[in-house]
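Close look at the chain arrangement
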Amino acid sequence: MNIDKLLNGKKLAESLNTTLKQEIYELVKKTGIKPKLAAIIVGDDPASEIYIRNKHRVCNEIGIGFESFRLPKNTSKEDVIRVIEKLNEDNSIHGFLIQMPIPPHLKSFISEFVELIDPKKDVDGFHPLNKGYLFDYREELIPCTPQGIIALLEHYKIEIERKNVVIINRSNLVGKPLVFMLLKRNATITVCHSFTKNLFEHTRRADILIVAVGQANFINEEKIKEGAIIIDVGINRVDGKLCGDVNFDSVINKCGAITPSPGGVGPLTVAFLLKNTIKAYKKILKSSNLI
Ligand SMILES: NC(=O)c1ccc[n+]([C@@H]2O[C@H](COP(=O)([O-])OP(=O)(O)OC[C@H]3O[C@@H](n4cnc5c(N)ncnc54)[C@H](OP(=O)(O)O)[C@@H]3O)[C@@H](O)[C@H]2O)c1
C-alpha cells in the first residue's frame, strides 16, 4: 500500500484528543467544573450501541463526563421532550445529542426535538440557530463529520481554494454543512445526489471528491480523475467487515490521496464531538463569568 497517499484520520484524531485532554485538565483545574456530555438513546439499535460505547470510552479517556439517558423503543414524543427539557436545565451537562436512529414512530418529530435543544448545548450542530450561523460562514457549533473532513484536508495541507470539490451527499449531517464550509474556503462545489444525471461525469472532474452514499464499491478508478483527493465518508458492513464507499485498492494508484474507511473520517467525527462539547462548556462557563 502507498502509505504516502493515506490521509490518516485516526492519527489526527488521536493528536487532537491529546491536545484537548490537556486543555480540559487546565480548565478543570481553574474552574473545578468537569465538562459533561449526554446522549439520549431511544430504543436498542445495535449500531447506536456501538457508537455510544465509543463516545463514552473516548470521553473517559480525555476527561469529559458522559451520561446516557435511555428510553424504551415505544417511548412517546412527550417523554422525549421531557428528557430534552431536563437536559437543557441541568447545569452539570454542557452538551447533549439525540443518538440516531430513533424508532420509526418518532422520526417525523426529529426537527421538533432538535429545535427544543438549547442551541448552546447543541453539540451535533443541528439546531436551526447553529445552522443559520453557518449560512453566514460563522462556524459556531457545527456538525462533526464536516469539521473532521475540513480538518483532515487542512492538516495535510491540501489546497481547497479554487478547487473543484464534488460531494455525493446532500444530508444535514454531511453534504449541506460542507457546502458552506467549503464556500467559505473559496472552493467551487458540486453537490450530487440520487437525482443527479450523469453522476460520474461530475466525479471525473473532481479535484477533491467527497463520497457519503452508504454503498460499498460505489467509486472505483474509472470514476475519478488522476491525482484526485478522495474523502470516503461511507461506512458499510460487507461480509462482517467494515468498508467505505470507495474501492480503495482500485483507486489507490490513480488518486492523489485517500482516507481509509474505517480509520479515516470516523475517528475525526468523534474528536469533533468532543471539541464541540468543550466549545459549549467554555461558552456556558464564560456566560456565567466562571472563566
Ligand atoms: N465516518 C463518519 O463519521 C460518518 C458520519 C456520518 C455518516 N457516515 C456515513 O456516510 C454515509 C451517508 O450518511 P448520511 O447520514 O448522510 O446518509 P443519507 O442521509 O442516506 O445520505 C446519503 C446520500 O447519498 C445520496 N445517494 C444515495 N444513493 C445514491 C446514488 N445511487 N447516486 C447518487 N447519490 C446517491 C443520497 O441522495 P438523496 O439525498 O437523493 O437521497 C443522499 O444525499 C453512510 O454510509 C453513513 O454511515 C459516516
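Residues numbered from 1 in each chain as written. Predicted model: local features only at pLDDT ≥ 70, side-chain atom pairs only at ≥ 80, totals over all residues.

1. Examining the overall build of the protein chain
We count it as follows: Strands here are runs of E lasting at least two residues and helices are runs of H or I lasting at least four, both read from the DSSP assignment and numbered beginning at the N terminus. Our radius of gyration looks at C-alpha atoms and nothing else; its globule reference is 2.2 Å times the residue count to the power 0.38. Labels follow a simple rule on C-beta atoms placed from the backbone: if 20 or more others lie within 10 Å of a residue's own, it is buried; if 12 or fewer, it is exposed; otherwise it is partly exposed. Any two residues are considered in contact once their C-beta atoms, placed from the backbone, lie within 7 Å.
The helix and strand inventory of the protein chain stands at 10 helices and 10 strands. On C-alpha atoms alone, the protein chain measures out to a radius of gyration of 19 Å, which is about the 19 Å that the 2.2 N^0.38 rule sets for 291 residues. Across its three principal axes, the protein chain shows a C-alpha extent of roughly 55 × 45 × 40 Å. Split into buried and exposed, the 291 residues of the protein chain put 41% on the buried side. Contacts spanning at least 24 positions in sequence make up 70% of the contacts within the protein chain whose residues lie at least 6 apart.

2. Some points on the environment of Lys-279
Within the secondary structure layout, Lys-279 lies in helix α10 (residues 265-287). The class of Lys-279 is partly exposed, set by 19 C-beta atoms lying within 10 Å. When the C-alpha positions of Lys-279 and Glu-140 are compared, they lie 8.4 Å apart, and in sequence the two are 139 residues distant.

3. With respect to the site of the ligand
As a reminder of what qualifies: In this entry, near means the residue's backbone-placed C-beta atom lies within 6 Å of the molecule or strand. Amino acids outside the nonpolar list (Ala, Val, Leu, Ile, Met, Phe, Trp, Tyr, Cys, Pro) and the charged list (Asp, Glu, Lys, Arg) are all regarded as polar, and Gly is one of them.
Neighbouring residues of the ligand: 23 residues in total, closest Ser-171, His-193, Ser-194, Gly-214 and Thr-269. No other element matches α10, which puts three residues into the shell around the ligand. Across the shell around the ligand, the residue classes tally to 11 nonpolar, 11 polar and one charged.

4. Observations concerning the pairing of strand β1 (residues 36-42)
The criterion, for reference: Two strands qualify as a pair provided that DSSP identifies no fewer than 2 bridges between them. Viewed with both strands pointing away, a crossover whose connecting path from the first strand over the helix to the second turns clockwise is right-handed.
For β1, the tally of buried residues reaches five of seven residues, placing the bulk of the element in the interior. With seven bridges joining them, β1 and strand β2 (residues 65-71) adopt parallel strand pairing. Residue pairing across strands places Ile-41 opposite Arg-70, the latter belonging to β2. Considered for its hand, the β-α-β crossover made up of β1, helix α2 (residues 46-62) and β2 is right-handed. Where β1 meets strand β3 (residues 95-98), four bridges bridge the pair, whose relative direction is parallel. Across the sheet, Ile-40 pairs through a bridge with Ile-98, a residue of β3.

5. What to know about the packing of helix α6 (residues 144-155) against α10
The condition is simple: A fitted line through C-alpha atoms represents every axis, and for helices the fit uses only the stretch in contact; the resulting angles, taken between N-to-C directions, go from 0 to 180 degrees. The scheme is simple: roughly parallel for angles under 35 degrees, roughly antiparallel for over 145, roughly perpendicular for 65 to 115, oblique for anything else. Whether a crossing is left-handed or right-handed is set by the direction in which the near helix is turned from the far one by less than a right angle, anticlockwise for left-handed and clockwise for right-handed.
Between α6 and α10, whose axes approach to 8 Å, the crossing angle comes to 110 degrees. On the basis of their axis angle, the class for α6 and α10 is roughly perpendicular. Judged by the sense of rotation from one axis to the other, the crossing of α6 with α10 is right-handed. Residues Cys-144, Thr-145, Gln-147, Gly-148, Ile-149, Ala-151 and Leu-152 of α6 touch α10, and the partners they reach there are Val-265, Leu-268, Thr-269, Ala-271, Phe-272, Leu-273 and Asn-276.

6. Here we look at the sheet that holds β1
With parallel pairing, three strands are arranged side by side in an open sheet as β2-β1-β3. At either end of the open sheet lies a strand with only one pairing partner, and these are β2 and β3. Each adjacent strand pair in this sheet contributes to an overall mean axis angle of 15 degrees, direction not counted.

7. Examining α10
Worth spelling out the cut-off: An expected span of 1.5 Å times one less than the residue number is assigned to each helix.
Under the 1.5 Å per step criterion, the end-to-end length of α10 is 33 Å for 23 residues, consistent within 8% with the ideal 33 Å. Extensive coverage of α10 is indicated by the burial of 17 of its 23 residues. The positive-phi residue at the C-terminal boundary of α10 is Asn-289, with phi of around 55 degrees.

8. Description of the packing of helix α1 (residues 9-31) against α10
Direction vectors running N to C along α1 and α10 enclose 20 degrees, while the axes themselves pass 9 Å from each other. The pairing of α1 with α10 is recorded here as roughly parallel in orientation. Both α1 and α10 take part in a crossing whose hand is left-handed. Between α1, through Gly-9, Lys-10, Leu-12, Ala-13, Leu-16, Asn-17, Leu-20, Glu-23, Ile-24 and Thr-31, and α10, the contact on the second element is made entirely by Val-265, Gly-266, Pro-267, Leu-268, Val-270, Ala-271, Leu-274, Lys-275, Ile-278 and Leu-285. Partitioned by chemical class, the residues of the contact of α1 with α10 number 13 nonpolar, four polar and three charged.

9. Considering the environment of Asp-249
Relative to the assigned elements, Asp-249 resides in helix α9 (residues 248-251). The class of Asp-249 is exposed, set by 10 C-beta atoms lying within 10 Å. As for Asp-249 and Asn-220, which are separated by 29 residues in sequence, their C-alpha atoms are 8.5 Å apart.

10. Focus on the domain arrangement of the protein chain
Size of an interface: often given as the accessible area lost when the parts come together. The condition is simple: How far each domain reaches was decided by an automatic or database domain assignment.
Partitioning the protein chain into structural domains gives domain 1 (31-118) and domain 2 (144-266). If you average the C-alpha positions of domain 1 and of domain 2, the two centres end up 29 Å apart.

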